[in-house]
Amino acid sequence: MGFHQISVKVNGNDEVVTVSSNMTLLRMLRESLALTGTKNGCAAGECGACTVMLNGEPVNSCMVLAVEVDGQEITTIEGLAKDGQLDIVQKTIIEKGGVQCGFCTPGMLISARALLNRNPHPTEEQVVEALVGNLCRCTGYSRIIESVQAAAERS
Amino acid sequence: MTSAHPGLPEFDYVKPAGLKEASQFLAQHAPEARPFSGGTDTFVRMRDGFFNPKYLVDVKGLDGTHVLKFDEKEGLTIGAAIPMNRVVTFADASHYPLLVEAAKSVASYQLRSRATIIGNICNASPAGDTIGACLAYQGILNIHGVDGYKSLPLNGFFTGPGKNLLKPGDIVLSITLPVPPKGHIGRYIKLGRNRLSDLSIVGISAMGVKDSSTKSGYKFHLAIASVAPVPFIPAKAEEILANNALNAETVNLAAQAAMDAVTPIDDVRGSAQYRKFMVRNLVHRAVTEIMQKLSA
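Residues numbered from 1 in each chain as written. Chains lettered and ligands numbered in written order. Predicted model: local features only at pLDDT ≥ 70, side-chain atom pairs only at ≥ 80, totals over all residues.

(A) Highlighting the overall build of chain A. Secondary structure summary: chain A contains five helices and five strands in total. Going from N to C terminus, chain A has its helices and strands arranged as β-β-α-β-β-β-α-α-α-α. In terms of C-alpha radius of gyration, chain A reaches 15 Å, essentially the compact-globule figure of 15 Å for 155 residues. Seen through its C-alpha atoms, chain A measures out along the principal axes to roughly 45 × 30 × 25 Å. Put simply, chain A has 155 residues, and 48% of those count as buried. Sequence-distant contacts, at least 24 apart, represent 57% of the contacts inside chain A between residues at least 6 apart. (Helix = DSSP H or I, 4+ residues; strand = E, 2+ residues; numbered from the N terminus. Rg over C-alpha atoms; globule rule 2.2 N^0.38 Å. Buried ≥ 20, exposed ≤ 12 C-beta atoms within 10 Å, placed from the backbone. Contact = placed C-beta atoms within 7 Å.)

(B) Seen up close, the domain arrangement of chain A. Residues and elements named next belong to chain A. Annotation of chain A at the domain level lists domain 1 (3-79) and domain 2 (88-154). Between the C-alpha centres of domain 1 and domain 2 there is a distance of 21 Å. With 14 residues of domain 1 at the contact, the number on the domain 2 side is twelve residues. Those elements giving two or more residues to the side of domain 1 that touches domain 2 turn out to be β3 (51-54) and β4 (57-60). Examining the composition of the side of domain 1 that touches domain 2, we find that three residues originate from one element, β3, more than from any other. (Domains from an automatic or database assignment.)

(C) Structural view of the sheet that holds strand β1 (residues 12-14) of chain B. Residue and element names in this part refer to chain B. Read from one edge to the other, the open sheet built from three strands follows the order β1-β3-β2, with strand pairing classed as parallel. Each edge of the sheet is formed by a strand with only one pairing partner; in this case those strands are β1 and β2 (33-36). Direction aside, the axes of adjacent strands within the sheet are offset by 25 degrees on average. (Pairing = 2+ DSSP bridges. Axes fitted to C-alpha atoms, helices over the stretch in contact; angles between N-to-C directions.)

(D) Just the domain arrangement of chain B, in detail. One can read the domain layout of chain B as domain 1 (12-57), domain 2 (68-177) and domain 3 (198-295). Computed from C-alpha coordinates alone, the two centres of domain 1 of chain B and domain 3 of chain B are separated by 36 Å.

In structure tokens, the structure reads:
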């Protein structure tokens, strides 16, 4: 099996990584770059726990090959806070109690941030549509949706 | 014990520099080489053991796969590397509302950041959500093979579940959807186990337009997902809607004809019998909604 050396910008840092053909972006982030905030849930593109931004768009990192992101930009949950300040949606999810076990939270926050980037003032329905690919087994979603709406109101 | 999170099996990732090289490589290494674009279906099937290619050939860098354009004469052309989200937000895709509605129904936003309409077509799943719209809009596939460029109409492209007319070395570069008839109304009704994000139990693509060449004065294109070995066109239902005065009784007859023609299977998402009844009810609903809008 082939190996490839790729250059990728992750959370603003330039990284050079050697990856095997069958290594997913998720595995590269967790195992090569030790960015374990991104979670491995279903490994089939259904649960959204592995969601990261690829060039600003949310993707399931279990469904992207590491070799495909050569020359691209990735943002993971570790890159959401800027200059020691949490992103507004990180703050509101804490305030609203939108976190219980926390496993879905990194992917949920990446999807929420991507939504607010493309639509700063979404309706409740638009929030639901944007988060439909992020499964949460704890919260019942209401407080997560409220968190995103509160973040939109404050930004 | 089977791992709960099986990784991808071993393969070699290949990114050809040009179309000729890509087609030749795929032809020379058939059936061990498989083209892919978004990978959202390919990777799942590899993890599940349905595919075990020795080579995965990334087509996203190839000429002609990045096109997304609308021409008032030729229509809408969508390249193989264009993810569904880009189609949904492309301003001129509004000429094709049925396609936009169907594309928005696929899985989740982050999956649609990668999933492509060409991938949906090439996988030839009977459940493909966007295939019905591409059939209703009379799509033409633009293909590069070992003998160069060629075109194939989408109607007739599917030969069975996961099977199509592509030959080793063929790469679908794009699909062209001709300019649709003015004033047409489209509707995609997807029945899933939940309101958003699931695969379809039944998917109804319906398009209607006023047409003076038919007895009814209307022409309908219908395509149904998840009810036959291939995306299914209920031709008799379309004929009923074209040849009879369009009223409640005609719509009932057409919906019944669609139900009688489909040959679904029982699976984890629904029984064959349930699917048949849902075909009748949802064809009825789609056609009725379109009729109301056309006569408004």
